[in-house]
Amino acid sequence: QLQLVESGGGLVQPGGSLRLACAASGFTLDYYAVAWYRQAPGKEREGVSCITDSDGSTYYADSVKGRFTISRDNAKNTVYLQMTDLRPEDTAVYYCAADGRCGGLVHYWGQGTQVTVSS
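A brief look at the structure comes next. Positions within a chain are numbered from 1, following the residues in the order the chain's sequence is written. Where local features are concerned, this predicted model is filtered to residues with pLDDT of at least 70; where side-chain atom pairs are given and counted, the filter is 80 or more; whole-chain, interface and lining totals use all residues. Only hydrogens and water are set aside; all other atoms, that is, all heavy atoms of the structure, feed into the side-chain values.

This next bit is on the packing of aromatic side chains. Here a pair means two rings of Phe, Tyr or Trp (six-membered ring of Trp) with centres within 6.5 Å. Their orientation is stacked below 30 degrees between planes, edge-to-face above 60, and tilted elsewhere. Counted under the stated rule, the structure contains five aromatic pairs. Taken together, a centroid distance of 4.3 Å and an interplanar angle of 25 degrees make the contact between phenylalanine 27 and tyrosine 108 stacked. Of this pair, phenylalanine 27 sits in the loop between β3 (18–25) and β4 (33–39) while tyrosine 108 sits in strand β10 (residues 106–109), and the two are 81 residues apart along the sequence. Judged by its relative accessible area of 11%, phenylalanine 27 falls in the buried class. With a centroid separation of 6.0 Å and 70 degrees between ring planes, the pair formed by tyrosine 32 and tyrosine 108 is classed as edge-to-face. In this pair, tyrosine 32 is assigned in the loop between β3 and β4 and tyrosine 108 in strand β10, connecting sequence segments 76 residues apart. For each residue, the accessible area found with a 1.4 Å probe, counting protein chains only, is set against the maximum for its type, and the residue is called buried under 20%, exposed over 50%, and partly exposed in between. Overall, the relative accessible area of 17% leaves tyrosine 32 in the buried class. Ring pairs connect the aromatic residues Phe27, Tyr32 and Tyr108, which therefore count as one cluster. The rule is short: NZ of Lys or CZ of Arg within 6 Å of the ring centre and within 35 degrees of the ring normal puts a charge over the ring. It is arginine 45 that lies over the ring of tyrosine 37; its NZ or CZ is 5.4 Å from the centre. Starting at the N terminus, helices and strands are each numbered in turn, a helix being any DSSP run of H or I of at least four residues and a strand any DSSP run of E of at least two.

Attention now moves to the pattern of salt bridges. Think of a salt bridge as a Lys or Arg side-chain nitrogen and an Asp or Glu carboxyl oxygen that are within 4 Å of each other. One pass over the structure, following the stated rule, counts four salt bridges. A salt bridge links aspartate 90 to arginine 38, with the nearest nitrogen and oxygen atoms 2.9 Å apart. With aspartate 90 in the loop between β8 (78–83) and β9 (92–99) and arginine 38 in strand β4, this pair connects stretches of sequence that are 52 residues apart. Its relative accessible area of 0% is what places aspartate 90 among the buried residues.

What follows concerns the nonpolar core. By size, the foremost hydrophobic cluster in this structure holds 28 residues, and its most contacted members are Trp36, Leu81, Met83 and Tyr94. Elements with a contribution of two residues or more to this core: β3, β4, β5 (46–51), β7 (68–73), β8, β9 and β11 (113–117). Whether two residues are in contact is decided by their heavy atoms: any pair within 4.5 Å suffices. If sequence neighbours within four positions are ignored, leucine 81 has contacts with Leu18, Arg19, Leu20, Trp36, Val48, Ser49, Phe68, Thr69, Ile70 and Tyr94. In this description, a nonpolar core means a group of buried Ala, Val, Leu, Ile, Met, Phe, Trp, Tyr and Cys residues linked to one another through side-chain atoms lying within 4.5 Å. Of all hydrophobic cores here, the second largest spans five residues; its members include Ala33, Ala35, Cys50 and Ala97.

This is the structure we're talking about:
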């Protein structure tokens, strides 16, 4: 079974923090770029962040830059998204994806984890 499984979502108050994890099963992430996307009801899917497989370069959407940090731990076959200073507009289902390159074709999608930011 080839899967990406997201975890760490939940309900937080504005200004709070969450760390999402994306764990691969059945394959290794070492040679994939891994991206985080999010989608809110009635809105198109939005790219949030990406980390390369080569030198670990990172990319962020302007809407999250300075608040979110993407990282990877190849020994654990896991990619993380540390989210701080969360805002209501961050509410969405967050998905991770394994890509050939950042901005390229997606090879695997996770099922998503819900993040809700509300007081």
